[in-house]
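# Survey of secondary and tertiary structure
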Amino acid sequence: MTRLNDWFNNQPIQSKLILTNTFVVLIALIPIVFVLFGYEYYATQQATLQEIRIQADIVSDNAAAAMAFDDATMAREALATLRASPDMQRATLMAPNGAVLASYRRYDLPQRDTERIEISTKSTEVLSWKGFKLTKPVYLKSQFVGMLALETSLDSFYHRVWLYFIVISVTVFLGLAISLWLAIQLKHSITKPLSQLMAMVNRVADEQDYSVRPVAERLDEIGDLSRAFRDMMSNLQERDERLQELAFYDSVTGLPNRHFFKERIEQAVANAKRYHMRCGLMFIDLDDFKIVNDTLGHHVGDDLLREVGNRLSAVLRNNDLVCRIGGDEFAVILENVKDLQTPAMLAEKIIAAVSLPALLHGHEVVVGASIGISMCPDFADDTSTLLQTADAAMYIAKGHTKNTYHQYSIEL
Ligand SMILES: Nc1nc2c(ncn2[C@@H]2O[C@H](COP(=O)(O)OP(=O)(O)OP(=O)(O)O)[C@@H](O)[C@H]2O)c(=O)[nH]1
(Lines give C-alpha, C1' and ligand atoms only; values in the text may rest on other atoms or scores of the structure.)
Protein backbone atom coordinates (compact mmCIF):
# COMPACT_ATOMS: atom_id res chain seq x y z
CA MET A 1 0.00 0.00 0.00
CA THR A 2 2.83 2.38 0.94
CA ARG A 3 4.65 1.47 -2.28
CA LEU A 4 1.48 2.10 -4.28
CA ASN A 5 1.08 5.42 -2.49
CA ASP A 6 4.70 6.38 -3.25
CA TRP A 7 4.28 5.35 -6.87
CA PHE A 8 1.08 7.43 -7.17
CA ASN A 9 2.69 10.46 -5.51
CA ASN A 10 5.56 10.33 -7.99
CA GLN A 11 3.30 10.39 -11.04
CA PRO A 12 2.88 13.65 -12.99
CA ILE A 13 -0.34 15.54 -12.20
CA GLN A 14 -1.70 14.73 -15.67
CA SER A 15 -1.45 10.97 -14.99
CA LYS A 16 -2.85 11.48 -11.49
CA LEU A 17 -5.91 13.22 -12.92
CA ILE A 18 -6.54 10.47 -15.45
CA LEU A 19 -5.95 7.68 -12.92
CA THR A 20 -8.14 9.30 -10.27
CA ASN A 21 -10.92 9.99 -12.72
CA THR A 22 -10.91 6.44 -14.10
CA PHE A 23 -10.76 4.95 -10.61
CA VAL A 24 -13.66 7.08 -9.35
CA VAL A 25 -15.82 6.24 -12.38
CA LEU A 26 -15.03 2.55 -11.95
CA ILE A 27 -15.87 2.61 -8.23
CA ALA A 28 -19.13 4.43 -8.96
CA LEU A 29 -20.08 1.96 -11.71
CA ILE A 30 -19.41 -1.23 -9.74
CA PRO A 31 -22.43 -0.97 -7.34
CA ILE A 32 -24.65 0.22 -10.20
CA VAL A 33 -23.62 -2.80 -12.28
CA PHE A 34 -24.20 -5.16 -9.33
CA VAL A 35 -27.64 -3.76 -8.55
CA LEU A 36 -28.77 -3.70 -12.20
CA PHE A 37 -27.40 -7.14 -12.94
CA GLY A 38 -28.79 -8.64 -9.72
CA TYR A 39 -32.21 -7.18 -10.38
CA GLU A 40 -32.25 -8.37 -13.99
CA TYR A 41 -31.10 -11.86 -12.93
CA TYR A 42 -33.84 -12.15 -10.33
CA ALA A 43 -36.61 -10.69 -12.54
CA THR A 44 -35.71 -12.87 -15.55
CA GLN A 45 -35.52 -15.99 -13.38
CA GLN A 46 -38.95 -15.33 -11.86
CA ALA A 47 -40.44 -14.67 -15.30
CA THR A 48 -38.95 -17.93 -16.67
CA LEU A 49 -40.30 -20.00 -13.75
CA GLN A 50 -43.68 -18.38 -14.14
CA GLU A 51 -43.73 -19.29 -17.84
CA ILE A 52 -42.94 -22.93 -16.95
CA ARG A 53 -45.72 -23.01 -14.34
CA ILE A 54 -48.18 -21.66 -16.91
CA GLN A 55 -47.08 -24.33 -19.38
CA ALA A 56 -47.57 -26.99 -16.67
CA ASP A 57 -51.09 -25.66 -16.01
CA ILE A 58 -51.97 -25.80 -19.73
CA VAL A 59 -50.60 -29.36 -20.11
CA SER A 60 -52.36 -30.62 -16.99
CA ASP A 61 -55.65 -29.03 -18.14
CA ASN A 62 -55.27 -30.62 -21.58
CA ALA A 63 -54.30 -34.03 -20.16
CA ALA A 64 -56.83 -34.23 -17.30
CA ALA A 65 -59.59 -35.94 -19.36
CA ALA A 66 -57.12 -38.41 -20.92
CA MET A 67 -55.83 -39.32 -17.47
CA ALA A 68 -59.29 -39.72 -16.05
CA PHE A 69 -60.10 -42.21 -18.82
CA ASP A 70 -56.63 -43.76 -18.80
CA ASP A 71 -56.24 -42.81 -22.49
CA ALA A 72 -52.49 -43.00 -23.21
CA THR A 73 -52.77 -41.69 -26.80
CA MET A 74 -54.57 -38.51 -25.79
CA ALA A 75 -52.21 -38.07 -22.89
CA ARG A 76 -49.21 -38.24 -25.26
CA GLU A 77 -50.88 -35.68 -27.54
CA ALA A 78 -51.29 -33.35 -24.58
CA LEU A 79 -47.58 -33.72 -23.80
CA ALA A 80 -46.65 -33.23 -27.48
CA THR A 81 -47.52 -29.50 -27.22
CA LEU A 82 -44.38 -29.16 -25.09
CA ARG A 83 -42.27 -29.55 -28.23
CA ALA A 84 -42.83 -25.86 -28.93
CA SER A 85 -40.73 -25.03 -25.86
CA PRO A 86 -37.02 -25.72 -26.51
CA ASP A 87 -36.13 -25.64 -22.77
CA MET A 88 -38.60 -28.42 -21.94
CA GLN A 89 -36.56 -31.61 -21.44
CA ARG A 90 -38.82 -34.27 -20.01
CA ALA A 91 -42.44 -34.59 -18.96
CA THR A 92 -44.34 -37.50 -17.47
CA LEU A 93 -48.00 -38.07 -16.75
CA MET A 94 -48.70 -40.65 -14.02
CA ALA A 95 -51.85 -42.31 -12.87
CA PRO A 96 -52.76 -42.03 -9.13
CA ASN A 97 -51.31 -45.56 -8.65
CA GLY A 98 -47.90 -44.40 -9.87
CA ALA A 99 -48.08 -46.04 -13.32
CA VAL A 100 -46.66 -43.95 -16.20
CA LEU A 101 -49.47 -43.07 -18.61
CA ALA A 102 -47.42 -40.99 -21.09
CA SER A 103 -44.05 -39.38 -21.22
CA TYR A 104 -42.22 -36.80 -23.34
CA ARG A 105 -38.47 -36.47 -23.95
CA ARG A 106 -36.71 -33.81 -26.03
CA TYR A 107 -35.36 -35.42 -29.22
CA ASP A 108 -31.69 -34.83 -28.31
CA LEU A 109 -31.85 -36.37 -24.82
CA PRO A 110 -31.05 -40.03 -24.02
CA GLN A 111 -33.61 -42.48 -22.75
CA ARG A 112 -33.49 -43.11 -19.00
CA ASP A 113 -35.51 -44.84 -16.33
CA THR A 114 -38.49 -42.88 -15.25
CA GLU A 115 -37.80 -41.16 -11.96
CA ARG A 116 -39.88 -42.24 -9.04
CA ILE A 117 -42.24 -39.45 -8.24
CA GLU A 118 -44.14 -39.37 -5.03
CA ILE A 119 -47.83 -39.34 -5.77
CA SER A 120 -49.27 -36.47 -3.80
CA THR A 121 -51.87 -33.78 -4.04
CA LYS A 122 -49.16 -31.17 -3.38
CA SER A 123 -47.04 -29.41 -6.00
CA THR A 124 -43.23 -29.42 -5.66
CA GLU A 125 -40.57 -27.25 -7.30
CA VAL A 126 -36.81 -27.80 -7.30
CA LEU A 127 -34.60 -25.12 -8.77
CA SER A 128 -30.90 -25.79 -9.34
CA TRP A 129 -28.26 -24.12 -11.54
CA LYS A 130 -28.82 -26.98 -14.05
CA GLY A 131 -32.56 -26.65 -14.37
CA PHE A 132 -36.03 -26.59 -12.88
CA LYS A 133 -38.13 -29.60 -11.81
CA LEU A 134 -41.82 -29.34 -11.11
CA THR A 135 -44.49 -31.82 -10.12
CA LYS A 136 -48.14 -30.97 -9.75
CA PRO A 137 -51.36 -32.91 -9.18
CA VAL A 138 -53.84 -33.08 -12.07
CA TYR A 139 -57.54 -32.65 -11.34
CA LEU A 140 -60.61 -33.15 -13.48
CA LYS A 141 -63.57 -31.33 -11.92
CA SER A 142 -61.91 -31.45 -8.48
CA GLN A 143 -61.16 -35.18 -8.81
CA PHE A 144 -57.49 -36.14 -8.45
CA VAL A 145 -56.60 -38.01 -11.67
CA GLY A 146 -52.81 -38.22 -11.46
CA MET A 147 -49.55 -36.25 -11.47
CA LEU A 148 -47.62 -34.21 -14.03
CA ALA A 149 -43.82 -34.06 -13.70
CA LEU A 150 -41.81 -31.55 -15.80
CA GLU A 151 -38.08 -31.07 -16.13
CA THR A 152 -36.72 -28.02 -17.98
CA SER A 153 -33.30 -26.60 -18.63
CA LEU A 154 -32.62 -22.92 -17.93
CA ASP A 155 -30.78 -22.32 -21.24
CA SER A 156 -33.05 -19.48 -22.42
CA PHE A 157 -32.75 -17.83 -19.03
CA TYR A 158 -28.96 -18.08 -19.05
CA HIS A 159 -28.90 -16.82 -22.62
CA ARG A 160 -30.94 -13.74 -21.72
CA VAL A 161 -28.83 -13.09 -18.62
CA TRP A 162 -25.64 -13.48 -20.65
CA LEU A 163 -26.91 -10.99 -23.25
CA TYR A 164 -27.74 -8.56 -20.49
CA PHE A 165 -24.27 -9.04 -19.02
CA ILE A 166 -22.72 -8.19 -22.42
CA VAL A 167 -24.91 -5.07 -22.74
CA ILE A 168 -23.91 -3.92 -19.24
CA SER A 169 -20.21 -4.62 -19.91
CA VAL A 170 -20.31 -2.63 -23.15
CA THR A 171 -22.08 0.21 -21.32
CA VAL A 172 -19.46 0.20 -18.56
CA PHE A 173 -16.68 0.10 -21.12
CA LEU A 174 -18.23 3.02 -23.03
CA GLY A 175 -18.71 4.95 -19.77
CA LEU A 176 -15.06 4.42 -18.87
CA ALA A 177 -13.91 5.37 -22.37
CA ILE A 178 -15.95 8.59 -22.29
CA SER A 179 -14.68 9.51 -18.83
CA LEU A 180 -11.10 8.79 -19.95
CA TRP A 181 -11.55 10.97 -23.03
CA LEU A 182 -13.01 13.78 -20.89
CA ALA A 183 -10.16 13.47 -18.38
CA ILE A 184 -7.61 13.76 -21.18
CA GLN A 185 -9.38 16.86 -22.53
CA LEU A 186 -9.61 18.39 -19.06
CA LYS A 187 -6.05 17.66 -17.98
CA HIS A 188 -4.72 20.27 -20.44
CA SER A 189 -6.87 23.03 -19.05
CA ILE A 190 -5.72 22.14 -15.52
CA THR A 191 -2.06 21.39 -16.04
CA LYS A 192 -1.21 23.88 -18.82
CA PRO A 193 -1.23 26.92 -16.49
CA LEU A 194 0.81 24.89 -13.97
CA SER A 195 3.39 24.08 -16.66
CA GLN A 196 3.50 27.77 -17.59
CA LEU A 197 4.06 28.70 -13.95
CA MET A 198 6.80 26.07 -13.75
CA ALA A 199 8.51 27.53 -16.84
CA MET A 200 8.41 30.99 -15.24
CA VAL A 201 9.88 29.69 -11.99
CA ASN A 202 12.71 28.09 -13.99
CA ARG A 203 13.31 31.34 -15.85
CA VAL A 204 13.54 33.23 -12.57
CA ALA A 205 15.94 30.62 -11.18
CA ASP A 206 18.13 30.44 -14.31
CA GLU A 207 18.17 34.04 -15.48
CA GLN A 208 17.28 35.95 -12.29
CA ASP A 209 14.63 37.63 -14.41
CA TYR A 210 12.18 39.04 -11.87
CA SER A 211 10.08 40.83 -14.48
CA VAL A 212 8.04 37.72 -15.40
CA ARG A 213 4.37 37.87 -14.44
CA PRO A 214 1.87 35.03 -14.95
CA VAL A 215 -1.60 35.74 -16.35
CA ALA A 216 -3.97 35.39 -13.40
CA GLU A 217 -7.45 35.63 -14.90
CA ARG A 218 -8.79 32.31 -13.59
CA LEU A 219 -10.88 32.37 -10.42
CA ASP A 220 -9.91 28.87 -9.24
CA GLU A 221 -6.98 27.70 -7.08
CA ILE A 222 -4.61 27.93 -10.05
CA GLY A 223 -5.70 31.56 -10.46
CA ASP A 224 -4.99 32.09 -6.74
CA LEU A 225 -1.58 30.48 -7.18
CA SER A 226 -0.84 32.71 -10.20
CA ARG A 227 -1.89 35.82 -8.28
CA ALA A 228 0.23 34.79 -5.28
CA PHE A 229 3.16 34.13 -7.66
CA ARG A 230 2.61 37.51 -9.36
CA ASP A 231 2.59 39.33 -5.98
CA MET A 232 5.66 37.39 -4.89
CA MET A 233 7.45 38.37 -8.12
CA SER A 234 6.53 42.04 -7.61
CA ASN A 235 7.98 41.92 -4.09
CA LEU A 236 11.07 40.07 -5.32
CA GLN A 237 11.59 42.56 -8.14
CA GLU A 238 11.23 45.49 -5.75
CA ARG A 239 13.65 43.87 -3.34
CA ASP A 240 16.07 43.05 -6.15
CA GLU A 241 15.97 46.63 -7.42
CA ARG A 242 16.49 47.90 -3.88
CA LEU A 243 19.43 45.53 -3.42
CA GLN A 244 20.89 46.61 -6.76
CA GLU A 245 20.52 50.20 -5.67
CA LEU A 246 22.18 49.54 -2.32
CA ALA A 247 24.94 47.54 -3.99
CA PHE A 248 25.68 49.97 -6.82
CA TYR A 249 24.44 53.42 -5.75
CA ASP A 250 25.44 55.80 -3.02
CA SER A 251 22.59 56.43 -0.59
CA VAL A 252 23.57 60.06 0.13
CA THR A 253 23.96 61.46 -3.39
CA GLY A 254 22.17 58.78 -5.46
CA LEU A 255 25.29 58.62 -7.67
CA PRO A 256 26.91 55.30 -8.68
CA ASN A 257 29.22 54.08 -5.88
CA ARG A 258 32.74 52.64 -5.77
CA HIS A 259 31.50 49.16 -6.69
CA PHE A 260 29.80 50.47 -9.82
CA PHE A 261 32.82 52.65 -10.59
CA LYS A 262 35.17 49.64 -10.51
CA GLU A 263 33.08 47.72 -13.03
CA ARG A 264 32.71 50.68 -15.37
CA ILE A 265 36.38 51.72 -15.31
CA GLU A 266 37.34 48.17 -16.33
CA GLN A 267 34.87 48.38 -19.22
CA ALA A 268 36.08 51.83 -20.24
CA VAL A 269 39.72 50.68 -20.38
CA ALA A 270 38.76 47.50 -22.28
CA ASN A 271 36.72 49.54 -24.81
CA ALA A 272 39.51 52.08 -25.25
CA LYS A 273 41.97 49.29 -26.03
CA ARG A 274 39.64 47.35 -28.31
CA TYR A 275 38.42 50.34 -30.34
CA HIS A 276 41.70 52.31 -30.18
CA MET A 277 40.12 55.19 -28.40
CA ARG A 278 41.19 57.33 -25.48
CA CYS A 279 39.55 57.23 -22.06
CA GLY A 280 40.21 59.46 -19.09
CA LEU A 281 39.85 59.22 -15.36
CA MET A 282 39.43 62.10 -12.93
CA PHE A 283 39.70 61.79 -9.17
CA ILE A 284 38.04 64.71 -7.41
CA ASP A 285 38.63 65.31 -3.71
CA LEU A 286 36.76 68.17 -2.03
CA ASP A 287 38.89 70.71 -0.19
CA ASP A 288 38.08 71.60 3.41
CA PHE A 289 34.96 69.53 3.44
CA LYS A 290 35.62 68.41 7.02
CA ILE A 291 35.21 72.00 8.23
CA VAL A 292 31.61 72.01 6.92
CA ASN A 293 30.87 68.85 8.83
CA ASP A 294 32.56 70.09 11.98
CA THR A 295 31.03 73.56 12.01
CA LEU A 296 27.57 73.07 10.50
CA GLY A 297 26.92 69.41 11.16
CA HIS A 298 26.89 66.16 9.26
CA HIS A 299 23.47 66.82 7.71
CA VAL A 300 24.75 70.00 6.05
CA GLY A 301 27.79 68.00 4.90
CA ASP A 302 25.40 65.49 3.31
CA ASP A 303 23.46 68.23 1.54
CA LEU A 304 26.71 69.68 0.27
CA LEU A 305 27.76 66.27 -1.12
CA ARG A 306 24.40 66.08 -2.95
CA GLU A 307 24.86 69.62 -4.27
CA VAL A 308 28.37 68.79 -5.51
CA GLY A 309 27.02 65.64 -7.18
CA ASN A 310 24.36 67.69 -9.01
CA ARG A 311 26.87 70.29 -10.10
CA LEU A 312 29.25 67.62 -11.44
CA SER A 313 26.46 65.94 -13.38
CA ALA A 314 25.41 69.30 -14.84
CA VAL A 315 28.92 70.05 -16.09
CA LEU A 316 29.63 66.63 -17.63
CA ARG A 317 28.56 65.21 -21.00
CA ASN A 318 25.83 62.57 -21.12
CA ASN A 319 28.20 59.69 -21.71
CA ASP A 320 30.61 60.70 -18.90
CA LEU A 321 30.04 58.92 -15.64
CA VAL A 322 30.38 60.57 -12.24
CA CYS A 323 30.59 58.37 -9.14
CA ARG A 324 30.99 59.00 -5.44
CA ILE A 325 33.80 56.66 -4.42
CA GLY A 326 34.41 57.71 -0.81
CA GLY A 327 33.73 60.34 1.90
CA ASP A 328 34.33 63.52 -0.09
CA GLU A 329 35.87 61.81 -3.12
CA PHE A 330 34.30 61.61 -6.55
CA ALA A 331 35.53 60.02 -9.77
CA VAL A 332 34.66 60.82 -13.36
CA ILE A 333 35.11 58.36 -16.21
CA LEU A 334 35.47 60.02 -19.58
CA GLU A 335 35.06 57.81 -22.63
CA ASN A 336 36.01 58.49 -26.26
CA VAL A 337 38.15 61.56 -25.39
CA LYS A 338 39.54 63.31 -28.48
CA ASP A 339 42.63 64.96 -26.99
CA LEU A 340 44.45 65.68 -23.75
CA GLN A 341 43.10 69.23 -23.57
CA THR A 342 39.46 68.18 -23.24
CA PRO A 343 39.82 66.70 -19.69
CA ALA A 344 41.80 69.75 -18.60
CA MET A 345 39.07 72.08 -19.81
CA LEU A 346 36.46 69.92 -18.09
CA ALA A 347 38.47 70.01 -14.83
CA GLU A 348 38.48 73.80 -14.95
CA LYS A 349 34.72 73.82 -15.40
CA ILE A 350 34.31 71.41 -12.49
CA ILE A 351 36.49 73.50 -10.18
CA ALA A 352 34.51 76.61 -11.15
CA ALA A 353 31.18 74.85 -10.55
CA VAL A 354 32.17 73.25 -7.22
CA SER A 355 33.75 76.45 -5.84
CA LEU A 356 30.55 78.44 -6.25
CA PRO A 357 29.04 79.14 -2.84
CA ALA A 358 26.09 76.88 -1.89
CA LEU A 359 23.23 78.06 0.32
CA LEU A 360 22.47 75.22 2.70
CA HIS A 361 20.16 75.48 5.73
CA GLY A 362 20.60 79.27 5.67
CA HIS A 363 24.40 79.08 5.52
CA GLU A 364 26.62 80.01 2.63
CA VAL A 365 29.02 77.15 2.23
CA VAL A 366 32.13 77.16 0.07
CA VAL A 367 34.41 74.26 -0.72
CA GLY A 368 36.98 73.63 -3.42
CA ALA A 369 37.95 70.60 -5.52
CA SER A 370 41.38 69.08 -6.17
CA ILE A 371 41.42 67.02 -9.35
CA GLY A 372 43.90 64.43 -10.61
CA ILE A 373 43.62 63.35 -14.28
CA SER A 374 45.14 60.44 -16.15
CA MET A 375 44.51 59.04 -19.61
CA CYS A 376 44.48 55.60 -21.16
CA PRO A 377 46.38 54.55 -23.24
CA ASP A 378 48.56 57.74 -23.04
CA PHE A 379 49.81 57.17 -19.46
CA ALA A 380 48.28 53.84 -18.50
CA ASP A 381 47.82 50.58 -20.31
CA ASP A 382 45.54 48.93 -17.78
CA THR A 383 43.01 49.78 -15.12
CA SER A 384 45.23 49.60 -12.08
CA THR A 385 47.87 51.86 -13.67
CA LEU A 386 45.14 54.29 -14.70
CA LEU A 387 43.85 54.37 -11.10
CA GLN A 388 47.35 54.82 -9.66
CA THR A 389 48.34 57.57 -12.06
CA ALA A 390 45.07 59.50 -11.56
CA ASP A 391 45.51 59.15 -7.79
CA ALA A 392 49.08 60.34 -7.95
CA ALA A 393 48.00 63.35 -10.03
CA MET A 394 45.25 64.15 -7.53
CA TYR A 395 47.73 64.16 -4.62
CA ILE A 396 49.95 66.51 -6.55
CA ALA A 397 46.99 68.84 -7.11
CA LYS A 398 46.13 68.63 -3.41
CA GLY A 399 49.71 69.30 -2.44
CA HIS A 400 49.77 72.48 -4.47
CA THR A 401 47.34 75.18 -3.63
CA LYS A 402 44.20 72.98 -3.53
CA ASN A 403 41.20 73.87 -5.71
CA THR A 404 43.24 73.04 -8.76
CA TYR A 405 43.76 70.13 -11.15
CA HIS A 406 46.80 68.19 -12.24
CA GLN A 407 47.10 66.08 -15.35
CA TYR A 408 49.38 63.07 -15.08
CA SER A 409 52.34 63.05 -17.44
CA ILE A 410 55.33 60.81 -18.05
CA GLU A 411 57.60 63.15 -16.06
CA LEU A 412 55.67 62.46 -12.84
N1 LIG B 1 28.54 64.63 5.90
C2 LIG B 1 29.28 63.54 5.55
N3 LIG B 1 30.58 63.52 5.82
C4 LIG B 1 31.33 62.43 5.45
C5 LIG B 1 30.73 61.36 4.79
N6 LIG B 1 31.71 60.45 4.55
C7 LIG B 1 32.86 60.95 5.03
N8 LIG B 1 32.62 62.16 5.56
C9 LIG B 1 33.58 63.05 6.16
O10 LIG B 1 34.32 63.67 5.13
C11 LIG B 1 35.55 64.08 5.67
C12 LIG B 1 36.62 63.75 4.67
O13 LIG B 1 37.89 64.00 5.25
P14 LIG B 1 38.99 64.82 4.58
O15 LIG B 1 39.04 64.61 3.11
O16 LIG B 1 40.27 64.59 5.33
O17 LIG B 1 38.55 66.31 4.90
P18 LIG B 1 38.92 67.60 4.11
O19 LIG B 1 38.54 68.69 5.04
O20 LIG B 1 38.22 67.60 2.79
O21 LIG B 1 40.46 67.52 3.94
P22 LIG B 1 41.29 67.91 2.62
O23 LIG B 1 40.91 66.91 1.61
O24 LIG B 1 42.71 67.79 3.06
O25 LIG B 1 40.89 69.28 2.28
C26 LIG B 1 35.69 63.40 7.03
O27 LIG B 1 35.47 64.33 8.07
C28 LIG B 1 34.58 62.36 7.04
O29 LIG B 1 34.05 62.18 8.34
C30 LIG B 1 29.34 61.42 4.55
O31 LIG B 1 28.73 60.50 3.98
N32 LIG B 1 28.64 62.52 4.91
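Everything numeric in this text was worked out from a predicted model, so none of it was measured.

## Observations concerning the overall build of the chain
Within the chain, the regular secondary structure consists of 10 helices and 12 strands. When each of the 412 residues of the chain is scored for burial, the buried share is 38%. Once local pairs closer than 6 in sequence are excluded, the contacts in the chain between residues at least 24 apart make up 61%. Accessible surface for the chain amounts to roughly 24,500 Å². Of this, 58% is attributable to carbon and sulfur atoms.

## Re the layout of surface pockets
When its volume is computed, the second largest pocket comes out at roughly 250 Å³. If you go around the second largest pocket, the residues you meet are Met1, Leu4, Asn5, Trp7, Phe8, Leu19, Thr20, Thr22 and Phe23. If you list the elements that add at least two residues to the lining of the second largest pocket, you get α1 (2-9) and α2 (13-68). The class makeup of the residues in the lining of the second largest pocket is 6 nonpolar, 3 polar and no charged.

## Section: the site of the ligand
Of all residues adjacent to the ligand, which total 16 residues, the nearest are Lys290, Asn293, Asp302, Arg324 and Asp328. One of the side-chain nitrogen or oxygen atoms of aspartate 285 is found 3.0 Å away from an oxygen atom of the ligand. Relative to its unbound accessible area of 650 Å², the ligand is 67% covered by the protein chains. Counting residues per element, the ones that place at least two in the shell around the ligand are β6 (279-287), α7 (289-296) and α8 (298-315). For the shell around the ligand, the leading source of residues is α8, giving 4 residues. Each residue belonging to the shell around the ligand can be placed in one class, and the counts come to 3 nonpolar, 4 polar and 9 charged.

## Topic: the packing of α2 against helix α4 (residues 155-207)
When two helices pack together, their arrangement is given by the angle between the helix axes and the distance between those axes. One way to put it is that α2 packs onto α4 with a least axis distance of 9 Å and a crossing angle of 165 degrees. Judged on the interaxial angle alone, α4 and α2 are roughly antiparallel. The way α2 lies across α4 gives a crossing that is right-handed. For the contact of α2 with α4, the per-class residue count stands at 23 nonpolar, 8 polar and 4 charged.

## Some remarks on the pattern of salt bridges
As enumerated under the stated definition, the model contains 14 salt bridges in all. Close ionic contact of arginine 106 with aspartate 108 constitutes a salt bridge, the shortest N to O distance being 2.9 Å. Judged by its relative accessible area of 42%, aspartate 108 is partly exposed. Note that aspartate 209 and arginine 203 form a salt bridge whose closest N and O atoms lie 2.8 Å from each other. Arginine 203 sits in the partly exposed class, given a relative accessible area of 37%.

## What about the sheet that holds strand β11 (residues 368-376)?
Read from one edge to the other, the open sheet built from 5 strands follows the order β7-β8-β6-β11-β12, with strand pairing classed as mixed. Sheet topology places β7 (321-324) and β12 (405-407) at the edges, where each strand pairs with a single neighbour. Going across the sheet, the axis of each strand differs from the next one's by a mean of 15 degrees, ignoring polarity. As paired elements, β11 and β12 share 3 bridges and run parallel to each other. Note that in β12 the partner of isoleucine 371 across the bridge is tyrosine 405. Packing of helix α9 (residues 341-355) onto the sheet brings it into contact with β6, β8 (329-334), β11 and β12, and relative to β11 it is tilted by some 165 degrees.

## Remarks on the UniProt feature "transmembrane region" (unreviewed entry) in the chain
The residues that UniProt annotates with the feature "transmembrane region" (unreviewed entry) are residues 21-39 and 161-184. End C-alpha to end C-alpha, residues 21-39 measures 27 Å, and it is 100% helix and 0% strand. Counting secondary structure, residues 161-184 comes out at 100% helix and 0% strand; the distance between its end C-alpha atoms is 34 Å.

## Concerning empty space enclosed by the protein
Throughout the structure, instances matching the rule amount to 1 cavity of 30 Å³ or more. By volume, the largest cavity amounts to about 40 Å³. When the residues that make up the lining of the largest cavity are grouped by side-chain class, the tally is 2 nonpolar, 1 polar and 3 charged.

## Re the nonpolar core
Among the nonpolar cores identified, the biggest contains 34 residues, and Met282 and Leu304 are the most heavily contacted of them. Of all the elements in the fold, those that place two or more residues in this core are β6, α7, α8, β8, α9, β9 (358-360) and β11. Setting aside anything within four residues of it in sequence, one finds leucine 304 in contact with Phe289, Val292, Ala358, Leu360, Val365 and Val367. Core analysis: the second largest hydrophobic core is formed by 27 residues, Ala56, Ala102, Tyr104 and Leu148 among them.

## A word on the packing of α7 against α8
Interhelical geometry of α7 versus α8 gives an angle of 140 degrees and a closest axis separation of 6 Å. Considering their axes alone, α7 and α8 lie oblique with respect to each other. Contact residues: Phe289, Val292, Asn293 and Leu296 in α7; His298, His299, Val300, Gly301, Leu304 and Leu305 in α8. The class makeup of the residues in the contact of α7 with α8 is 6 nonpolar, 4 polar and no charged.

Definitions and limits used
Residues numbered from 1 in each chain as written. Predicted model: local features only at pLDDT ≥ 70, side-chain atom pairs only at ≥ 80, totals over all residues. Heavy atoms only, no water. Helix = DSSP H or I, 4+ residues; strand = E, 2+ residues; numbered from the N terminus. Buried < 20%, exposed > 50% of the residue type's maximum accessible area, 1.4 Å probe, protein only. Contact = heavy atoms within 4.5 Å. Areas by Shrake-Rupley, 256 points an atom, 1.4 Å probe, with all protein chains shown as cover. 1 Å grid on protein atoms, 1.4 Å probe; cavity = no way out; pocket = protein on both sides within 12 Å on 5 of 7 lines; lining within 4 Å. Points joined across faces, edges and corners; volume = space filled by probe spheres on them. Nonpolar A, V, L, I, M, F, W, Y, C, P; charged D, E, K, R; others polar. Near = heavy atom within 4 Å. Polar contact = N/O pair within 3.5 Å; in protein donor to acceptor, adjacent residues only side chain to side chain. Axes fitted to C-alpha atoms, helices over the stretch in contact; angles between N-to-C directions. Parallel < 35°, antiparallel > 145°, perpendicular 65-115°, else oblique. Left-handed = near helix turned anticlockwise from the far one by under 90°. Salt bridge = Lys/Arg side-chain N within 4 Å of Asp/Glu carboxyl O. Pairing = 2+ DSSP bridges. UniProt positions renumbered as here; feature names shortened; annotations may be inferred. Core = buried A, V, L, I, M, F, W, Y, C linked by side-chain atoms within 4.5 Å.

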